[in-house]
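Listed below, chain by chain, are the residues.
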Amino acid sequence: MITGQKFVEGKGTYVDDINLPGMLYMAIVRSPYSRAKIASLKGGLNSSDYEGRMASVGEGGSGEINIYSEPVFAQGYTSYLGQPVAAVFGEDRYKAEDLLNSVDVEYEPLKPVMEIDAALKADPIHPGTKNNILIDKWVGKEFKDTSSPIVLEDSFYNRRVATNPMEPRGVVATYDGNRLTMWASSQSSQSIKEGLVEAMNLSPDSVRVIQADTGGGFGLKGGLHPEYVIAAHAAMKYKRPVKWIETRSEHLSSSNPGRGARADIKIFAGKNGIINGVTGEVYVDAGAYGGFGEFAPRFIAYQLTGPYAIPNGYVRAIATLTNKVPQGPYRGAGRPEASYFIERMVDLLADELKMDPADVRIANMSSEPFKSPLGLEIGAAKPFFQDALKEFEYGKRFTSDTAGLGFFVLVPGIGPGEGARIKIEKGRVKVWLGGDTAGQGHQEFVRTLIREELGIASDLVELQLGDTDAVKRGVGAWGSRSAITAGAAVIAASGKIKDMVIKDFGDYSPENALSGSYDIDHFEEMKGTLNSFGANIAVADVSPLGAIRVKDCWSYYDVGRVLSKESVWGQIMGGIVQGIGQVVSEEIAYSDEGELLTGSIADSGVLSADQVPNFVVKVAENRSDLPHGVKGLGEAPTIGVPSALVRSIEKVTGKRIRDTPVRPEDIAEDF
Amino acid sequence: MNGIIYVIFIVSAMTITPSVFEYYTPSTMVEAVNLLEKYGDEAKLLAGGQSLIPLMKMRFASISHVIDISRIEEMDYIKEDSNRLSIGALTTVDELGSSVTIKNRYMIIKEAADQIADPLVRNMGTVGGNISHGDPANDLPAVMLSLDATFMVQGKNGGKEIKAEDFFVDSLITALEPNEILYEIRVPKMVKRQGGAYIKHKKSAGDFSVAAVASNIIVDGDGKIIKVGVALTSVGPTPIKSTRAEGILAGKKLTEELAAEAARSITEESDPVSDFYGSIDYKKKVLRFIIKESLVAAYKRAKEAQ
């Protein structure tokens with residue numbers, strides 16, 4: 001059976017398939033303006049009933065609530081188009097949406113602050129704050145470079161991109177008088193629980209979050225959202241189950257998009273192509289509230305030397321508040337931005353020195369491990385890159401005239417580890433992980449590891465969906481971490497079971513294990529880094545009107561040991577499509593007046609099948625030091641593809657490319 | 001004029017269910033006309049539903065009486081006689097694109113039909129709906145303008161003909177009265193040495209166009225242009241029929257230079273807006289490119305058509 005066959009056959013149980021007796025359906029009244037004063041508000045559940053704010057949980061989350069935390073309902077004014085103002089509840093979806101008209105809101109529109117540069121100058125969007133700067137920190141160490149003969153500067157912008165999972169967000173919340181239970185489409189039931197506990201001031205014992213089958217996450221479904229708190233609050237208040245399922249329009253206006261990062265970068269280099277230092281500013285458009293935006297600029301800055309051994313680095317990391325939906329993690333979550341910025345500069349240096357981009361890269365690689373002045377630790381880059389050039393037949397199959405080359409380091413999110421529980425009962429094995437699979441096929445690596453560690457056949461092993469009652473402690477499925485961390489936890493739990501079987505039977509055999517009852521819930525503490533390299537080649541065709549068609553896209557990633565070829569290849573191909581999408585069309589855009597320009601899935605630029613190129617997927621299986629030998633994978637393509645593809649577009653059109661997506665009119669021929 | 005019944009909310013609607021409505025399924029055109037007469041402004045015809053249903057689900061349109069005419073068999077046909085091609089309004093876009101008559105002799109119509117949205121939409125969407133919705137981004141209106149088509153309309157008090165060039169009044173507004181129904185599209189029969197082409201420039205498959213152009217050309221035995229019709233999609237509040245094309249091109253043989261000159265001039269007749277599909281300047285650049293392309297293709301086909 002192929003991974004996901006049940007989904008293809010329509011046999012999944014998504015959160016919208018969960019129906020409880022007496023369930024209410026929730027619909028949200030959302031701000032039609034990017035910024036407005038709420039002059040009056042009558043009807044529905046609103047901030048007069050619930051004043052809480054959201055806790056920052058999930059990837060890059062601080063776990064805390066501060067003055068920049070998003071209120072669950074807009075309080076007196078709205079700060080982004082789509083912000084929840086009130087909620088209504090009907091017996092079914094139709095009746096709930098009918099009730100939207102029963103809420104009477106009078107808005108006084110205000111001039112919104114829509115871009116980073118405007119935010120730096122504008123009065124604060126939130127009363128009682130000094131300015132629109134959420135974060136402003138320097139990373140690295142100040143240096144003076146007066147001797148490098150080559151000094152290059154440029155500015156880049158990765159515009160915002162919707163996460164656009166096939167299944168939008170959704171929850172069902174119910175309360176029995178003692179405990180709140182929430183089913184969610186999720187990457188991390190553990191984080192959602194942590195967020196609910198924190199935001200609603202509940203005791204951890206009184207909240208259970210259960211994952212439903214999840215149709216994609218890409219970062220969005222690892223954290224808490226206002227709608228989840230509203231549904232939970234309503235379930236407790238009305239003592240009836242409450243369902244909320246996001247529409248695509250809500251997704252595009254009101255869910256956290258990724259990217260939205262700009263940079264002004266300066267590099268100092270010798271005429272031999274060796275880069276002596278990098279400085280500059282990284283700006284993240286955090287949107288209207290804190291959360292991931294507090295983490296992102298420093299994370300980008302920290303990676304700004306990329307896979308290169310650049311000895312000096314000093315980067316200012318800034319996040320600004322704007323009247324847009326808060327930024328969130330999107331596949332890569334800071335990694336693609338950092339890679340894009342440095343790769344664009346390296347290509348610029350190659351052009352300046354009339355060197356082959358591959359040679360400039362090699363000139364800046366170490367054959368030894370390297371710790372960057374910005375704190376990034378990498379292994380020996382040069383041997384891997386040279387292998388990549390061979391795999392690509394660089395210089396023969398592809399040349400720098402038309403092909404774009406991208407080289408990157410993938411920094412997986414390892415700390416603080418991950419949880420896993422293995423339960424053997426009645427001859428079958430059930431496994432729970434601390435992070436929730438959202439379609440990546442975690443079941444495949446779990447089965448491989450159980451087969452290897454316990455000798456138990458895959459058809460006896462079932463991965464269970466996330467459940468905070470089933471696993472004591474867990475983190476989440478993001479940051480290219482699941483096979484590394486959850487895999488390590490599965491191995492450690494298997495070891496404990498083995499010991500117990502030996503204790504019971506005198507020796508270990510799968511038969512002995514399956515004849516007993518064992519139940520181990522283990523959290524594997526992990527820290528440190530496990531960074532790996534990847535490279536891409538892309539070749540684009542550009543029509544006279546600026547339409548981009550990707551002819552070839554090759555990848556060569558060091559994924560460590562492959563636990564499931566099907567999952568690895570699937571991850572790479574899907575990620576390549578998203579990487580291409582970011583370059584050729586994906587964007588969440590607003591007018592200067594704050595109107596949403598990308599309100600449909602077509603406008604948001606998701607690729608259609610005819611835009612998907614031929615992939616050539618190659619992997620290096622350089623084992624890591626972990627017992628199962630794996631490295632990170634999931635985010636590699638969205639990190640590596642954009643800079644490679646943009647370079648090809650630049651070569652084919654002869655126009656310097658700075659921003660994504662590349663708009664057709666910026667590269668159309670003149671006539 | 002079609003009374004506009006759309007309630008456009010300020011908010012980009014975020015619903016997915018329509019509000020309550022009454023639903024009727026007439027089996028004849030007369031029944032449908034009677035229902036329209038009865039409910040007037042509060043009613044809307046539903047054919048393939050490819051425009052109306054999304055509007056209702058997103059609650060952009062609030063309609064209390066939906067008259068589903070998709071079961072009226074007498075309005076689903078493609079016929080050609082010695083004078084004209086007649087297309088029943090309920091012919092689906094897929095039927096139009098798959099028709100042997102259309103494929104053999106009306107390539108311009110086939111090219112437009114095959115590029116409308118995606119197969120799911122083409123299976124459901126109808127020719128009449130594509131035209132009478134009055135959306136300037138729909139493809140068949142420009143084709144019909146270029147071909148000098150006539151729209152056959154039935155109301156309570158009898159029928160009338162409306163020329164394509166008189167039909168499109170403003171964005172989503174046509175010359176149809178609320179109690180009238182478009183039942184047939186008539187296109188003058190293709191003559192010898194006539195050719196047409198529809199060029200659509202879009203960002204991705206299935207999307208609306210950035211701009212599109214329909215060109216219809218008749219040449220004489222020497223290859224001189226006798227008659228030319230050019231119309232534009234997505235670049236104004238209505239589909240736009242060029243008034244300059246005839247003056248520039250009539251009596252001449254088409255060269256690359258002449259086609260480029262005509263394209264530049266016809267582009268000036270457009271009235272695009274800057275939006276997410278591109279700026280005004282970019283859309284005009286697209287037009288200059290595709291008008292020339294479509295004229296060259298239509299001219300070549302006209303010369304080759306016997």
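What counts and how
- Residues numbered from 1 in each chain as written.
- Chains lettered and ligands numbered in written order.
- Predicted model: local features only at pLDDT ≥ 70, side-chain atom pairs only at ≥ 80, totals over all residues.
- Heavy atoms only, no water.
- Pairing = 2+ DSSP bridges.
- Helix = DSSP H or I, 4+ residues; strand = E, 2+ residues; numbered from the N terminus.
- Phe/Tyr/Trp six-rings, centres within 6.5 Å; stacked < 30°, edge-to-face > 60°.
- Salt bridge = Lys/Arg side-chain N within 4 Å of Asp/Glu carboxyl O.
- Buried < 20%, exposed > 50% of the residue type's maximum accessible area, 1.4 Å probe, protein only.
- Polar contact = N/O pair within 3.5 Å; in protein donor to acceptor, adjacent residues only side chain to side chain.
- Contact = heavy atoms within 4.5 Å.
- Domains from an automatic or database assignment.
- Buried area = accessible area lost by both parts, 1.4 Å probe.
- Axes fitted to C-alpha atoms, helices over the stretch in contact; angles between N-to-C directions.

Enquirer: I tried to follow the pairing of strand S7 (residues 158-163) of chain B on my own but got confused; where do I start?
Expert: Taken residue by residue, a regular strand's side chains alternate between the two faces of the sheet. All names here are of chain B. The pairing of strand S6 (residues 150-155) with S7 spans six bridges and is antiparallel. Its bridge partner lying in S7, Phe151 is registered against Ile162. Counting the residues in the hairpin turn of S6 and S7 gives two residues.

Enquirer: Before we go on, may I ask you to explain the packing of aromatic side chains in this structure?
Expert: Any aromatic ring pair is given by two values, namely how distant the centres are and how the planes are angled relative to each other. All names here are of chain A. Evaluation of the coordinates by the stated rule reveals 25 aromatic pairs over all chains. Relative to Phe407, the ring of Tyr308 lies with its centre 6.2 Å away and its plane at 65°, an arrangement referred to as edge-to-face. With Tyr308 in the loop between helix H7 (292-302) and strand S15 (312-321) and Phe407 in strand S18 (residues 403-410), the pair connects residues that are 99 residues apart, well separated along the chain. One aromatic cluster is present, formed by Tyr308, Phe384, Phe385, Phe407, Phe533 and Tyr556 through successive ring pairs.

Enquirer: Looking at this model, I keep getting lost on the pattern of salt bridges. Mind explaining?
Expert: Within the structure shown, the criterion is met by 63 salt bridges over all chains. For Asp467(A), the salt bridge is made with Arg208(A), and the minimal N-O distance between the two is 2.6 Å. With Asp467(A) in the loop between strand S21 (461-463) and helix H12 (482-505) and Arg208(A) in strand S11 (residues 207-212), this pair connects stretches of sequence that are 259 residues apart. Taking the relative accessible area as the measure of exposure, Asp467(A) reaches 11% and is therefore buried. A salt bridge links Lys283(B) to Asp275(B), with the shortest nitrogen-to-oxygen separation between them at 2.9 Å. Each of the salt bridges in this network shares a partner with another, and the network as a whole consists of Asp154(A), Glu343(A), Arg344(A), Asp347(A), Asp351(A), Arg361(A), Arg647(A), Glu650(A), Arg656(A) and Arg658(A).

Enquirer: Please explain the side chain of Gln578(A) as it appears in this structure.
Expert: Residue and element names in this part refer to chain A. In this fold, Gln578 is placed in helix H14 (residues 565-584). Engagement of the side chain of Gln578 in a polar contact is seen with the side chain of Tyr330, the distance being 3.4 Å. Among residues more than four places away in sequence, those in contact with Gln578 are Thr163, Phe218, Tyr330, Arg331, Glu586 and Thr638.

Enquirer: Can you help me understand the domain arrangement of chain B in this one?
Expert: All names here are of chain B. Taken domain by domain, chain B comprises domain 1 (74-188) and domain 2 (194-304). Placing a centre on the C-alpha atoms of domain 1 and another on those of domain 2 gives a separation of 20 Å. Tallying the contact residues gives 25 residues for domain 1 and 26 residues for domain 2. For the pair domain 1 and domain 2, the summed buried area comes to about 2,000 Å², and 55% of that belongs to carbon and sulfur atoms. Taken together, the connections running from domain 1 to domain 2 amount to four salt bridges. On inspection of domain 1 and its partner domain 2, the count reaches 11 residue pairs in polar contact (both at pLDDT 80 or more).

Enquirer: Would you explain the interface of chain B and chain A in this entry?
Expert: Many descriptions give the size of an interface as the accessible area lost when the pieces come together. With 28 residues of chain B at the interface, the matching set in chain A holds 32 residues. Both sides together, the interface formed by chain B and chain A hides about 2,400 Å², and carbon and sulfur atoms give 63% of it. Three residues, Met14(B), Phe276(B) and Lys285(B), lead the burial of chain B against chain A; their summed loss comes to 30% of the area buried on that side. Remark: the boundary between chain B and chain A carries two salt bridges. As a salt-bridge pair, Asp98(A) and Arg59(B) come within 2.7 Å of each other at their nearest N and O atoms. Counting every contact that joins chain B to chain A gives 10 residue pairs in polar contact (both at pLDDT 80 or more). The leading source of residues in the side of chain B that touches chain A is helix H12 (residues 280-304) of chain B, at six residues.

Enquirer: What is the right way to read the sheet that holds strand S11 (residues 194-202) of chain B from this model?
Expert: Picture the strands of a sheet paired through backbone hydrogen bonds; they go either parallel or antiparallel. Residues and elements named next belong to chain B. The four strands are arranged S11-S12-S13-S14 in an open sheet whose pairing can be described as antiparallel. Of all strands in the sheet, those with a lone pairing partner are S11 and strand S14 (240-241), marking the two edges. Judged from the eight bridges that link them, strand S12 (residues 209-219) and strand S13 (residues 225-233) form a sheet pairing that is antiparallel. Across the sheet, Ser215 pairs through a bridge with Val230, a residue of S13. Lying over the sheet, H12 contacts S11, S12 and S13, oriented at roughly 30° with respect to S12.

Enquirer: Sorry, what's going on with the sheet that holds strand S2 (residues 43-46) of chain B here?
Expert: Residues and elements named next belong to chain B. Strand order across the open sheet formed by three strands is S1-S3-S2, with parallel pairing between neighbours. Here the strands that pair on one side only, and so sit at the sheet edges, are strand S1 (22-24) and S2. The sheet shows a mean angle of 25° between the axes of neighbouring strands, taken without regard to direction. Where S2 and strand S3 (residues 65-68) come together, four bridges link them in parallel fashion. Bridge assignment links Ala43 to a residue of S3, and that residue is His65.

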